[in-house]
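# Coordinate analysis (summary)
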Amino acid sequence: MTTTAIPPEAKRAPATAPKRRPKREREGAAWVFLSPWVLGATVLTLLPMAVSLYLSFTDYDLFNPPQWVGLRNYTQMFTEDPRYWRSVVTTLTYVVIAVPLQLALALVVALALKGMKRGKGFYRSAFYAPSLLGASMSIALVWRAVFNDGGTVDNLLGTGGWVNKPGFSLLAVALLTVWQFGAPMVIFLAGLQQIPAELYEAAAVDGASKWRQFLSVTVPMLSPVLFFNLVLQTIQAFQVFTPAFAVSGGKGGPADSTLVYTMYLYDRGFVASHMGYASAMAWVLLVVIGVVTAVLFRTSRSWVFYASEGDR
């Protein structure tokens, strides 16, 4: 009777799974990689916010130690400062004008680019360029020259310089923001390309016109992207500074018609050296932006459609 030799490798003990590192060691490695971000967020964001909150309850002029005054900055802001309320009204007017016009133009251009067969990349880059350049002071100064007395708008329309007219100066500032529609346009274009073509084909078979297809297919399917752009652009609009500062020459004129909130905050903090008052203004702005954002999220339940959720 013969026996079969067992190969040497068969006699080896079965391989064991590699041991996992202890949980504490894994967490330590994660904190090491996160430490630059945590340090930056603490030193550059959280700590300045805490100092700003403290200064909002003080009288501080940048040169002398802050003096605690409690709620005096807030009460003065709401009850004794008419220019503050003018800046609030101006900012709200600007937001109502600039944000809808910018989103509408971005959507129209995105729809046009979606149907293009050639040159889409070139036009997409060309339309996106103002978003990169428009926030600079140099472009804002050129914009002021265009809308000034004897500028391009004056020569074409004969209406005089918008910059020097209280009824048109804020519109000139808003148009500079509208001109920077490239970023929301790119987002809209990406959203349009995700809409299935079968939906348009089914609507066409049912006899829907192009306008009906836009209302019944494009708008519902694009509503999450529209909501995203609306939130971002609204937050940015409340913080507008450079266009208004450049167009008005840093004074918010004429007749405070371009005195947006952040410009008045700058004036109180760095021109009048009332840094405690400016800090209080900054915190009010933060709260207002948070409330507006929360309202947008709350109302989005009734008009934002998510294809993955059958009840929306």
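This structure is a prediction, so every number in the text was calculated from the model and none was measured. (Residues numbered from 1 in each chain as written. Predicted model: local features only at pLDDT ≥ 70, side-chain atom pairs only at ≥ 80, totals over all residues. Heavy atoms only, no water.)

Counting its regular elements, the chain contains 13 helices and two strands. Going through the 312 residues of the chain one by one, you find that 36% of them count as buried. Nonlocal contacts in the chain, meaning residues at least 24 apart in sequence, comprise 66% of its contacts between residues at least 6 apart. As presented, the chain carries roughly 19,100 Å² of accessible surface, and 66% of it is formed by carbon and sulfur atoms. (Helix = DSSP H or I, 4+ residues; strand = E, 2+ residues; numbered from the N terminus. Buried < 20%, exposed > 50% of the residue type's maximum accessible area, 1.4 Å probe, protein only. Contact = heavy atoms within 4.5 Å. Areas by Shrake-Rupley, 256 points an atom, 1.4 Å probe, with all protein chains shown as cover.)

A few words on the nonpolar core. Nonpolar side chains tend to gather and get buried jointly when the protein is soluble and globular. Counting residues in each nonpolar core, the largest one holds 65 residues, and the members touching the most others are Met77, Tyr84, Tyr94, Phe188, Tyr261 and Met281. Top element by residues in this core is helix 3 (residues 82-114). It accounts for twelve residues. In contact with Tyr261, not counting residues within four places along its chain, are Met77, Tyr84, Ser87, Val88, Thr91, Met281, Val284 and Leu285. (Core = buried A, V, L, I, M, F, W, Y, C linked by side-chain atoms within 4.5 Å.)

This part takes up the packing of aromatic side chains. Throughout the structure, instances matching the rule amount to 20 aromatic pairs. Between Phe241 and Phe245 the ring centres are 5.3 Å apart and the planes differ by 25°, which places this aromatic pair in the stacked class. With a relative accessible area of 21%, Phe245 lands in the partly exposed category. (Phe/Tyr/Trp six-rings, centres within 6.5 Å; stacked < 30°, edge-to-face > 60°.)

The grouping of Leu62, Phe63, Tyr266, Phe270 and Val271 at the surface amounts to a nonpolar patch, some 550 Å² of accessible area in total. Looking at where Tyr266 falls in the secondary structure, it is placed in helix 12 (residues 261-271). (Patch = residues over 30% accessible without salt bridge, like charges linked within 9 Å, V, L, I, M, F, W, Y side chains within 5 Å. Salt bridge = Lys/Arg side-chain N within 4 Å of Asp/Glu carboxyl O.)

Below, the discussion takes up the environment of Tyr60. With respect to the secondary-structure elements, Tyr60 resides in the loop between strand 1 (58-59) and strand 2 (67-68). For the pair Tyr60 and Gly269, spaced 209 residues apart in sequence, the C-alpha to C-alpha distance is 9.3 Å.

Okay, the pattern of salt bridges next. Tallied over the full model, the rule gives four salt bridges. Ionic pairing is found between Asp59 and Arg72, a salt bridge with its closest N-O pair at 3.6 Å. Taken together, the residues span a long stretch of sequence, with Asp59 in strand 1 and Arg72 in helix 2 (residues 72-79) at a distance of 13 residues. The partly exposed category is assigned to Asp59, whose relative accessible area is 38%. You can call Arg72 partly exposed: its relative accessible area is 44%. Between Asp256 and Arg86 there is a salt bridge whose closest N-O contact spans 3.2 Å. Of this pair, Asp256 sits in the loop between helix 11 (242-247) and helix 12 while Arg86 is found in helix 3, placing the two residues 170 residues apart along the sequence.

Moving on to the packing of helix 3 against helix 12. Running from N to C, helix 3 and helix 12 point in directions that differ by 150°, and their axes come no closer than 8 Å. Here helix 3 is positioned roughly antiparallel relative to helix 12, judged by the angle of their axes. Note on element contacts: helix 12 touches helix 3 through Tyr261, Tyr264 and Asp267, opposite Arg83, Tyr84, Ser87, Val88 and Thr91. In the contact of helix 3 with helix 12, the residues fall into four nonpolar, two polar and two charged. (Axes fitted to C-alpha atoms, helices over the stretch in contact; angles between N-to-C directions. Parallel < 35°, antiparallel > 145°, perpendicular 65-115°, else oblique. Nonpolar A, V, L, I, M, F, W, Y, C, P; charged D, E, K, R; others polar.)

Time to look at the packing of helix 3 against helix 7 (residues 166-179). One way to put it is that helix 3 packs onto helix 7 with a least axis distance of 9 Å and a crossing angle of 35°. In this structure, helix 3 meets helix 7 at a crossing whose hand is right-handed. For the pair formed by helix 3 and helix 7, the contact residues are Thr90, Thr93, Tyr94, Ile97, Ala98, Leu101, Gln102 and Leu105 on the first element and Leu170, Leu171, Val173, Ala174, Thr177 and Val178 on the second. The residue inventory of the contact of helix 3 with helix 7, partitioned by class, reads ten nonpolar, four polar and no charged. (Left-handed = near helix turned anticlockwise from the far one by under 90°.)

We now examine unusual backbone geometry. Cis geometry is adopted by the peptide bond preceding Pro254, which originates at Gly253 and carries an omega value of -5°. Tracing the chain through its elements places Pro254 in the loop between helix 11 and helix 12. At Asp256, a residue that is not glycine, the phi angle is positive and equals roughly 60°. Classification of Asp256 as buried rests on a relative accessible area of 15%. In this structure, Ser273 takes a positive phi of about 60° despite not being glycine. Secondary-structure assignment places Ser273 in the loop between helix 12 and helix 13 (275-299).

Turning our attention to the side chain of Ser52. Tracing the chain through its elements places Ser52 in helix 1 (residues 23-55). At a separation of 3.2 Å, a polar atom in the side chain of Ser52 contacts the side chain of Trp283. Those residues in contact with Ser52 that lie beyond four places of it in its chain are Ser279 and Trp283. (Polar contact = N/O pair within 3.5 Å; in protein donor to acceptor, adjacent residues only side chain to side chain.)

Those residues of helix 8 (residues 182-192) that fall on the buried side of the exposure criterion are Gly182, Pro184, Met185, Phe188, Leu189, Gly191 and Leu192. For helix 8, the secondary structure elements touched by its buried residues are helix 3, helix 4 (120-133) and helix 10 (210-238).

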